[in-house]
Amino acid sequence: MFPLRRNRRLRTNEAIRSLVRETIITPNDFLVPLFVVEGKGIKEEIASMPNYFRYSLDLLENEVKELWSLGLKSVLLFVKVPDNLKDNKGAEALNPNGLMQLAIKTVKSACPNMLVMTDVALDPYSIYGHDGIIENGVIVNDDTAAFLAEMSVSHAKAGANFVAPSDMMDGRILTIREALEDEGYTDTGVMSYSAKYASAFYGPFRDALDSAPVDLENIPKDKKTYQMDFANRYEALRETEMDIDEGADIVMVKPGMAYLDILREIKNEFDVPVAVYQVSGEYAMIKAAAEKGWLNHDQIMLETTTAFKRAGADIIASYFAKDIVKLIS
C-alpha cells in the first residue's frame, strides 16, 4: 500500500517505461494493404488517403521489395477494375490473366517469401458496387458464395497463400474451404472478415477502388443486408464461431478503432489468430487532423496501433504499416 508502493516508480524515465512496457509493436504485427491498377509507370495518390497510392504492376514490384526490406512480410491485395470489365456476376474475377492474378504473380516474383493474401469479394468487379450478385434487387447469398469459391481457387492457382473473403455472405467460408480442398489447395489459408460492420468508415477505400454502391432504383443503396449492424455485439461472436467451424484459419474484425470491444471479446472467446483492419476512414481522419495541426501524426499513429494489439489483435492491417515500422526502427 501507499507509501510503500508507488506506481510512478515504473514511469520515472524512458528506460524503465520501455523495460516494463506490456505491448510491443514490431514489423511482424502488420499486414499491408496494397491497391493495384492497370497500366504502366503508375503510382497514383488516392485523394482521400494522403500519401497512399495505387500501383501498376511494374511499380508494385518496387513497393513490395521496399516493404520486405523494412521487415514487412505480408500483403493484402486489392484491385481497381476498369469499368468496361465490370458486370453483375464478376466474370473478370476468374480471368487467369486478370489484374488480381497478375498482381499475385508479380508479388511472388519480386519477393517469393512474401505472404500474399487476396481480397475475395465482388464489389471491385460489380457494376453495382456490391459484394454479391444481384437478382430482382436482392443480393443473392448462395450463388454469390459459389462464385466466391471459384474466385478463391483462381487466386490459389495464381499463387496466393491466403484468400480473404470480405463479403459477409452466409456459409461462404465452408463453400470456399471445400472448393480449395477439392482442387488440392489444402495449404491455402482462409482469413475471414468474420465481424465486418456496415460502417461509415469505408468511404476513402471505396474511392480508391471506385467500388461504392451505385444509386439506382431497385438496387440497395448500402450494404446493410449483409454487413453487420454496428449496434450489435453478440452477433459478432456468432459470426466468428460459424466461420471457425466452417474452416477459417484467421478471423478479422473490421473496422478497428470503434470496435476494440469486439476485438477483445473475440480474442477472449476463440483460440485462433485474430486480425483487425484499421480502415481507410480511420487513416483519413488521422491524416486530416494532423494536416490541420490538431494532432501529432506520429504519436496518434503509434497510439492507435498499440491499442489494437493491446486489445488482442495478432495481425494489424493498416495503411500506416510502413510509416510505423520506419518510426519504431
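Details of the structure are given in the entry above.
Residues numbered from 1 in each chain as written. Predicted model: local features only at pLDDT ≥ 70, side-chain atom pairs only at ≥ 80, totals over all residues. Heavy atoms only, no water.

Digging into helix α2 (residues 57-69)
Selection criterion: Numbering goes from the N terminus for both helices and strands, where a helix is a DSSP run of H or I of at least four residues and a strand is a run of E of at least two. Multiply 1.5 Å by the residue count of a helix minus one, and that product is the helix's expected span. Whether a residue is buried, partly exposed or exposed follows from its accessible area with a 1.4 Å probe, protein chains only, as a fraction of its type maximum: under 20%, in between, or over 50%, in that order. In this description, the arc belongs to the directions extending from the helix axis to the C-beta atoms. In this analysis, two residues are considered to be in contact whenever any of their non-hydrogen atoms come within 4.5 Å of each other.
Helix length check: α2, at 13 residues, gives a terminal C-alpha distance of 19 Å against a target of 18 Å (1.5 Å per residue), a fit within 8%. If you check which residues of α2 are buried, you get L60, E63, V64 and L67. All buried residues of α2 lie within an arc of 100° about the axis, which places them on one face of the element. Elements that come into contact with the buried residues of α2 comprise β1 (30-36), β3 (49-55), β4 (74-79), α3 (99-110) and α11 (321-328). Following α2 by one or two positions, G71 adopts a phi angle in the positive range, close to 90°.

Observations concerning a nonpolar patch on the surface
Defined as follows: Patch membership requires more than 30% relative accessible area and the absence of a salt bridge. Residues of like charge join within 9 Å; the nonpolar side chains Val, Leu, Ile, Met, Phe, Trp and Tyr join within 5 Å. The Shrake-Rupley method, run with a 1.4 Å probe, gives the accessible areas here. Residue values count only the displayed protein chains as cover. Salt bridge criterion: a side-chain nitrogen from Lys or Arg within 4 Å of a carboxyl oxygen from Asp or Glu.
The grouping of L10, L19 and V20 at the surface amounts to a nonpolar patch, some 300 Å² of accessible area in total. Positionally, V20 belongs in helix α1 (residues 14-20).

Focus: the pattern of salt bridges
Scanning all chains against the criterion turns up 18 salt bridges. Measuring nitrogen to oxygen at the nearest pair gives 3.2 Å for the salt bridge that ties D167 to R172. Each member of the pair, D167 as well as R172, is classed as buried. E265 is the salt-bridge partner of R233, the closest N and O atoms lying 2.4 Å from each other. Of this pair, R233 sits in the loop between α6 (203-209) and α7 (234-246) while E265 sits in helix α8 (residues 260-269), and the two are 32 residues apart along the sequence. For R233, a relative accessible area of 39% puts it in the partly exposed group. Exposure remark for E265: the relative accessible area of 23% places this residue in the partly exposed category. Several salt bridges share partner residues, and in doing so they unite E63, E66, K322 and K326 into one network.

Focus: the side chain of E92
Heads up, the condition is: Asp and Glu count as negative and Lys and Arg as positive, but His and the ends of the chain are not part of the count.
Relative to the elements of secondary structure, E92 occurs in the loop between β4 and α3. One buried charged side chain, E92, makes no salt bridge at all; its nearest oppositely charged neighbour is K105, positioned 12 Å away. Residues in contact with E92, not counting those within four places in the same chain, are L85, G98 and Y125.

Here's the deal with the packing of aromatic side chains
Condition: Pairing of aromatic side chains here covers Phe, Tyr and the six-membered ring of Trp, requires ring centres within 6.5 Å, and sorts the geometry by plane angle: under 30 degrees stacked, over 60 edge-to-face, intermediate tilted.
All chains considered together, the criterion is met by 12 aromatic pairs. Between F35 and F78 the ring centres are 5.8 Å apart and the planes differ by 45°, which places this aromatic pair in the tilted class. With F35 in strand β1 and F78 in strand β4, this pair connects stretches of sequence that are 43 residues apart. For F35, a relative accessible area of 1% puts it in the buried group.

Quick word on the pairing of strand β8 (residues 162-165)
Counted only if it meets this: Here, a strand pair is defined by DSSP locating no fewer than two bridges between the strands. A clockwise course of the path from the first strand over the helix to the second, judged with the strands pointing away from the viewer, identifies a crossover as right-handed.
Across the two faces of β8 the burial is the same, with F162 and A164 and V163 and P165 all buried. The pairing of strand β5 (residues 115-120) with β8 spans four bridges and is classified as parallel. In the strand pairing of β8, T118 is matched with V163. Bridge count between β8 and strand β9 (residues 189-196): two bridges; the pairing is parallel. The partner of V163 across the bridge, within β9, is V190. Remark: the β8/helix α5 (residues 172-182)/β9 crossover connection has right-handed handedness.

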